[in-house]
Amino acid sequence: MRSQIMGSMGFWIGWVVTTFLGFLLSLLFVEVGEIPDVTAVYGAIGGGIIGLMQGLVLFRHVDRLREWILVNAIAVGMMSWMGLGAIGWVAPRTDFLVIRLTYGIVLGAIAGIVSGTMQSFVLRHTIPFPCLWAVLNSVCWGFSLGVGWTIGGILRSLTHLYLSEAIGLGLTWICSSTIMGFALMSLLQWQKRLE
């Protein structure tokens, strides 16, 4: 029992760390910008890097790892192409915190449902009720992006540095990976109990 708990905690911590490191690594290729500035190609690169890094933790649980990387790249690239932006790499143009929070919640929820739905096709044989993954992803990204954009806006108003937006986005990735890592860990445990 204790080894299962430690293994689950290891998965969760690994998910958070690799996702955040993926975000940092992606900054070598994808510049943080405002919504129309980050193109679909850069969005796909960023999504692919995040998917690849998450794959370092996920490979023991998912047979279709290449598909995980690909759906992450396609989801973020598609959202960028549709004008929504590469959500994990864009900041709003406004300094009004209420607007940042509101749009962060709305756009994060949309991004979460898009990416979560695509990811659920890869996870459908790995977790019970893969559609639940899409819903959780939507709620998580809505919350995380709202928080990240708000904190980025507060820091930017205090420092007048655009770097504050990258810090806010980093917090977004930490927040979302912490929540979704716990959710995925729980769903994987649920699946083991069903087997």
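In the block above lies the structure referred to throughout.
In short, a report on the structure. Just so we're clear, the structure is a prediction, and the values are computed from it rather than from any experiment.

## What about the overall build of the protein chain?
A count of helices and strands for the protein chain gives 6 helices and 2 strands. For the protein chain, the sequential pattern of α-helices and β-strands runs α-β-α-α-β-α-α-α. Computed over its C-alpha atoms, the radius of gyration of the protein chain comes to 16 Å, within 12% of the 16 Å expected for a compact globule of 195 residues. Principal axes of the C-alpha set define a box for the protein chain whose edges measure 50 × 30 × 30 Å. Buried positions account for 50% of the 195 residues belonging to the protein chain. Here the analysis covers contacts within the protein chain between residues at least 6 apart in sequence; of these, 78% occur between residues at least 24 apart.

## Description of the nonpolar core
In terms of nonpolar packing, the biggest core is built from 41 residues, with F11, I87, W89, W133 and L184 touching the most fellow members. The greatest single-element share of this core, amounting to 9 residues, is contributed by helix 6 (residues 163-194). Those residues in contact with F11 that lie beyond four places of it in its chain are V57, L58, H61, G181, L184, M185 and L188.

## Notes on a nonpolar patch on the surface
A cluster of nonpolar residues, I113, F129, L132, V135, L136, V139, W190 and L194, forms a patch on the protein surface that exposes about 690 Å² of accessible area. Those elements giving two or more residues to the nonpolar patch turn out to be helix 5 (130-159) and helix 6. The element that contributes the greatest number of residues to the nonpolar patch is helix 5, accounting for 4 residues. One can find L194 in helix 6. For L194, a relative accessible area of 55% gives the class exposed.

## Regarding the packing of aromatic side chains
One pass over the full model with this rule turns up 8 aromatic pairs. Each ring, one from F11 and one from W15, has its centre 6.0 Å from the other, and the planes form 25°; the classification is stacked. Of the two residues, F11 and W15 both sit in helix 1 (residues 2-26), 4 residues apart, roughly one turn of that helix. In terms of burial, F11 and W15 fall into one category: buried. Here F129 and W190 contribute two aromatic rings whose centre-to-centre distance is 5.3 Å and whose plane-to-plane angle is 45°, an arrangement assigned as tilted. Of the two residues, F129 sits in the loop between helix 4 (97-123) and helix 5 while W190 sits in helix 6, which places them 61 residues apart along the sequence.

What counts, and at which threshold
- Residues numbered from 1 in each chain as written.
- Predicted model: local features only at pLDDT ≥ 70, side-chain atom pairs only at ≥ 80, totals over all residues.
- Heavy atoms only, no water.
- Helix = DSSP H or I, 4+ residues; strand = E, 2+ residues; numbered from the N terminus.
- Rg over C-alpha atoms; globule rule 2.2 N^0.38 Å.
- Buried < 20%, exposed > 50% of the residue type's maximum accessible area, 1.4 Å probe, protein only.
- Contact = heavy atoms within 4.5 Å.
- Core = buried A, V, L, I, M, F, W, Y, C linked by side-chain atoms within 4.5 Å.
- Patch = residues over 30% accessible without salt bridge, like charges linked within 9 Å, V, L, I, M, F, W, Y side chains within 5 Å.
- Areas by Shrake-Rupley, 256 points an atom, 1.4 Å probe, with all protein chains shown as cover.
- Salt bridge = Lys/Arg side-chain N within 4 Å of Asp/Glu carboxyl O.
- Phe/Tyr/Trp six-rings, centres within 6.5 Å; stacked < 30°, edge-to-face > 60°.

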